[in-house]
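# Inside the fold
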Amino acid sequence: MDLPPLLARQLAAAVLGGAACGLVGVWVVMMRIPFVGVAMSHAAFAGAVIGLLVGVNPLVGAAVACVLASVLIGPLAERSDLEPSVSVGIIFSVVLGIAFLGIGLLPGPRTAALSYIWGNILLVSGRDVTVMAVMTGVVLGFLLLFFKEIRAVLYNREVARAVGVPERPLFYAMLVLCGLTVTANLDTIGGLLIFSLIINPPSAAYQLTWRLRTMFLLSALFGVGSCLVGLVVSYLTDAPSGAVIIITSSVAFGLALLFSPKRRRR
Amino acid sequence: MNPASAAVVRAPGGRVPGPVVRLDRVSVCYYEHIALSDVSLEIPARAFAAIIGPNGAGKTTLLTVVNGLGDIRGGRVEVLDTVLDRRTVRGLRCRIGYVPQHLNVDPRAPINCREAVLLGRVGRAGLLRRLSAADRAAADRALELTGVSRLADRPVGHLSGGEARKVSLARVIAQEPEILLLDEPLSNLDPRAADELEALVVRLHRRLDLTTILVTHRVDRLPPAVTRVILLKDARVVFVGDRAAALAPDRVAALFA
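Quantities reported herein were computed from a predicted structural model and do not represent experimental measurements. (Residues numbered from 1 in each chain as written. Chains lettered and ligands numbered in written order. Predicted model: local features only at pLDDT ≥ 70, side-chain atom pairs only at ≥ 80, totals over all residues. Heavy atoms only, no water.)

## Some thoughts on the environment of Cys178 of chain A
Residues and elements named next belong to chain A. Tracing the backbone shows Cys178 in helix α9 (residues 167-184). Along the backbone, Cys178 and Leu59 are 119 residues apart, and their C-alpha atoms lie at a distance of 15 Å. Once you skip the residues sitting within four places of it in the chain, Cys178 turns out to touch Val24, Trp27, Val28 and Ile198. (Helix = DSSP H or I, 4+ residues; strand = E, 2+ residues; numbered from the N terminus. Contact = heavy atoms within 4.5 Å.)

## Things to note about the confidence of the model for chain B
Of all residues in chain B, 93% attain a pLDDT of 70 or more, and the chain-wide mean is 89. Under a pLDDT of 50 for its full length, residues 1-16 of chain B has, in the predicted model, 35 contacts with residues more than four places off or in other chains. (pLDDT = per-residue confidence, 0-100.)

## Remarks on the packing of helix α3 (residues 58-78) of chain A against α9 of chain A
Residue and element names in this part refer to chain A. Across the interface, α3 lies against α9 with an axial gap of 8 Å and an inter-helix angle of 145°. The two elements α3 and α9 cross, and the hand of that crossing is right-handed. Where α3 approaches α9, its residues Leu59, Ala62, Ala63, Cys66, Val67, Ser70, Ile73, Gly74, Pro75 and Glu78 are matched on the opposing element by Arg168, Phe171, Tyr172, Leu175, Val176, Gly179, Leu180 and Thr183. For the contact of α3 with α9, the per-class residue count stands at twelve nonpolar, four polar and two charged. (Axes fitted to C-alpha atoms, helices over the stretch in contact; angles between N-to-C directions. Left-handed = near helix turned anticlockwise from the far one by under 90°. Nonpolar A, V, L, I, M, F, W, Y, C, P; charged D, E, K, R; others polar.)

## Quick word on the packing of helix α2 (residues 34-54) of chain A against α9 of chain A
When two helices pack together, you describe them by how their axes are tilted relative to each other and by the distance separating the axes. Residues and elements named next belong to chain A. Interaxial distance between α2 and α9 falls to 9 Å at its minimum, and their mutual angle equals 50°. Of the possible angle classes, the one that applies to α2 and α9 is oblique. Of the two elements, α2 crosses α9, and the hand of that crossing is right-handed. Contacts from Val36, Met40, Ser41 and Ala44 of α2 reach α9 at Leu175, Gly179, Val182 and Thr183. Grouping the amino acids of the contact of α2 with α9 by side-chain chemistry returns five nonpolar, three polar and no charged. (Parallel < 35°, antiparallel > 145°, perpendicular 65-115°, else oblique.)

## Some words on the packing of aromatic side chains
Residues and elements named next belong to chain A. Scanning the model with the defined rule gives six aromatic pairs over all chains in all. Summarising the aromatic geometry, the rings of Trp27 and Phe216 are spaced 6.4 Å apart at their centres and angled 65° between planes, so their arrangement reads as edge-to-face. In this pair, Trp27 sits in helix α1 (residues 5-30) while Phe216 sits in helix α11 (residues 212-237), placing the two residues 189 residues apart along the sequence. Note on Trp27: relative accessible area 1%, which makes it buried. The class of Phe216 is buried, set by a relative accessible area of 3%. Here Phe171 and Tyr172 contribute two aromatic rings whose centre-to-centre distance is 5.8 Å and whose plane-to-plane angle is 75°, an arrangement assigned as edge-to-face. Each residue in the set Trp27, Phe142, Phe146, Phe147 and Phe216 is aromatic and connected to the rest through ring pairs, giving one cluster. Note that Arg157 overlies the ring of Phe171, its terminal NZ or CZ placed 3.6 Å from the centroid. The lysine or arginine in question, Lys262, covers the ring of Trp210, its NZ or CZ lying 4.5 Å from the ring centre. (Phe/Tyr/Trp six-rings, centres within 6.5 Å; stacked < 30°, edge-to-face > 60°. Buried < 20%, exposed > 50% of the residue type's maximum accessible area, 1.4 Å probe, protein only. Lys NZ or Arg CZ within 6 Å of the ring centre and 35° of its normal.)

## Details of the nonpolar core
By size, the foremost hydrophobic cluster in this structure holds 133 residues, and its most contacted members are Trp27, Ile150, Leu154 and Phe216 of chain A together with Leu169 of chain B. Looking at which domains feed residues into this core, each of domain 1 (16-95 + 178-256) and domain 2 (103-176) of chain B supplies at least three. The residues touching Leu154 of chain A, leaving out its near neighbours within four places in the chain, are Trp27, Met30, Met31, Met174, Leu212 and Phe216 of chain A. Formed by 36 residues, the second largest nonpolar core is a distinct cluster that contains Val21, Ile51, Ala57 and Leu80 of chain B. (Core = buried A, V, L, I, M, F, W, Y, C linked by side-chain atoms within 4.5 Å. Domains from an automatic or database assignment.)

## Quick notes on the UniProt feature "transmembrane region" (unreviewed entry) in chain A
Residues given the UniProt feature "transmembrane region" (unreviewed entry) here are residues 12-31, 43-73, 85-108, 129-150, 170-195, 216-236 and 242-260 of chain A. For residues 12-31 of chain A, the end-to-end C-alpha separation is 29 Å, with 95% helix and 0% strand making up the annotated structure. (UniProt positions renumbered as here; feature names shortened; annotations may be inferred.)

## Side note on the domain arrangement of chain B
Interfaces are often sized by the accessible area lost when the parts come together. Residues and elements named next belong to chain B. On domain assignment, one finds that chain B holds domain 1 (16-95 + 178-256) and domain 2 (103-176). Between the C-alpha centres of domain 1 and domain 2 there is a distance of 24 Å. Between domain 1 and domain 2, the contact holds 21 residues from the first and 14 residues from the second. Between domain 1 and domain 2 we count one salt bridge in total. (Salt bridge = Lys/Arg side-chain N within 4 Å of Asp/Glu carboxyl O.)

## Considering the pattern of salt bridges
Note on pairing: side chains with opposite charge can pair once their charged atoms come close. In this structure the tally under the stated criterion is 26 salt bridges over all chains. Between Lys148 of chain A and Glu149 of chain A there is a salt bridge, with the nearest N and O atoms lying 2.7 Å from each other. Taking the relative accessible area as the measure of exposure, Glu149 of chain A reaches 1% and is therefore buried. One salt bridge in this structure joins Glu176 of chain B and Arg121 of chain B, with 3.7 Å as the shortest N-O distance. Taken together, the residues span a long stretch of sequence, with Glu176 of chain B in the loop between α5 (161-174) and β7 (179-183) and Arg121 of chain B in helix α3 (residues 113-125) at a distance of 55 residues. Under the relative-accessibility criterion, Glu176 of chain B is labelled partly exposed at 39%. For Arg121 of chain B, a relative accessible area of 9% puts it in the buried group.

## A few points about the interface of chain B and chain A
Each partner contributes to the interface: chain B provides 39 residues, whereas chain A provides 32 residues. Each partner contributes to the roughly 3200 Å² buried at the junction of chain B and chain A, and carbon and sulfur atoms together form 61% of this total. At the junction of chain B with chain A, the criterion picks out three salt bridges. A salt bridge links Glu115 of chain B to Arg151 of chain A, with the shortest nitrogen-to-oxygen separation between them at 3.4 Å. On inspection of chain B and its partner chain A, the count reaches eleven residue pairs in polar contact (both at pLDDT 80 or more). A per-element tally of the side of chain B that touches chain A places α3 of chain B first, with eight residues. Split by residue class, the side of chain B that touches chain A holds 22 nonpolar, nine polar and eight charged. (Buried area = accessible area lost by both parts, 1.4 Å probe. Polar contact = N/O pair within 3.5 Å; in protein donor to acceptor, adjacent residues only side chain to side chain.)

## Let's talk about the sheet that holds strand β9 (residues 228-233) of chain B
Picture the strands of a sheet paired through backbone hydrogen bonds; they go either parallel or antiparallel. Residue and element names in this part refer to chain B. With mixed pairing, six strands are arranged side by side in an open sheet as β6-β7-β8-β3-β9-β10. What marks the edges here is a single partner per strand, and that holds for β6 (96-99) and β10 (236-242). For this sheet the average axis-to-axis angle between neighbouring strands, irrespective of direction, equals 15°. Where strand β3 (residues 48-52) meets strand β8 (residues 211-216), five bridges bridge the pair, whose relative direction is parallel. Within the sheet, the bridge partner assigned to Phe48 lies in β8 and is Thr212. Sheet strands touched by α5: β6 and β7. Its angle to β6, the strand with the most contacts, is close to 170°. (Pairing = 2+ DSSP bridges.)

Here's what the structure looks like:
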């Protein structure tokens, strides 16, 4: 059966975006740095707005802002004289300030900038799908190539370092990949909402399994499922796709929590 | 140089093999705080040494200088005949087993004990290489040696304090280390669990020909196998010598005064 090109692109975006967010979300949830995800998604949004302001491709602006945020957040989170949540909170407020400053300075209607807040999977372009496919491939490749090291870092960073794993470069690579995943999905999910897609699917998966491999798999499936449901509901009701995706992933988390075997053990 | 800190920690039997750890005027600072000041020290192969001192004396810092986790600001550290620097530190860590005092493990973490023990093989295996059958066999052997094979499939968050320490020991034994670093291994354990773990550590030290360095602030719970003692106070080594001399009542009283 031949799908109309737009529908095919939308389905591809749902699968690719959901999978990538679900995968990087596992390390955000396992390392207990959800606020880093929030800061990163807002940094991407700020970068896109600045890109619009100075006439650079907004996705390039978002990618640069995410990488910058990663290299700032990493060392700040490791400083023993600063509470990590405080330092990440400061970065969050700075990027939010930059984003709103950029919006304020933009001439004319600000619809392009505001579209990066909400995103719209229904308007996904061929280029968006290509960017998302490349990004999902990079995340998946990184995970497959370095799975044993990633497991060590997620178990305990100090132990990983002590057994000879290059823990710091891996930690930074994970932060940067998280930021780039946010960037790749900025058009479709939106900078404000993508954070939930990074947190909810792995949190749901976490409730249901004692195996890390299964957690990655379930998280990717929940991410894909949430995006597909969001797409369908958006089609049927004309509701904003990003919002429906987030609500769906939140419901999945609620159900996982309710039926979690971990609640019954111990 | 502090004459006490320059003394050599001798191995049991009085033989003095080449030192496996050699610290020369090592200092460690965390921002304005001096954690270790101008420490020189040698520990020979197969010694069982204890670092003793009050809270905040720099015991953990001294221990982690050996595997490069401590942030060395001055001096020279030589471990297993290799100068510890940025280039050599990862390779050395693969040969040094380290059990930290506090291991923050999420009680619901999706990792079981066998997988946690296998982590000890990850550094040795190297990047872009899968863990081999030999790696898995080494992990199983380590679980057996530490008496926790029955826990292999249990989630790491579902262990008692004593079991968790044994699984940590199994992880470092799976590394097939030459040096074992233990940070307060018996703290927060009930007397029976502490006795069991102490006996296990001593057994592993002897059976695997390890050089063992443990940190403790409990002079009353020093394993009898410990032959040489390093006393640490206010970031400085104040005594290095044999057990009997180190535990003289007036010396212990001065240490904790």
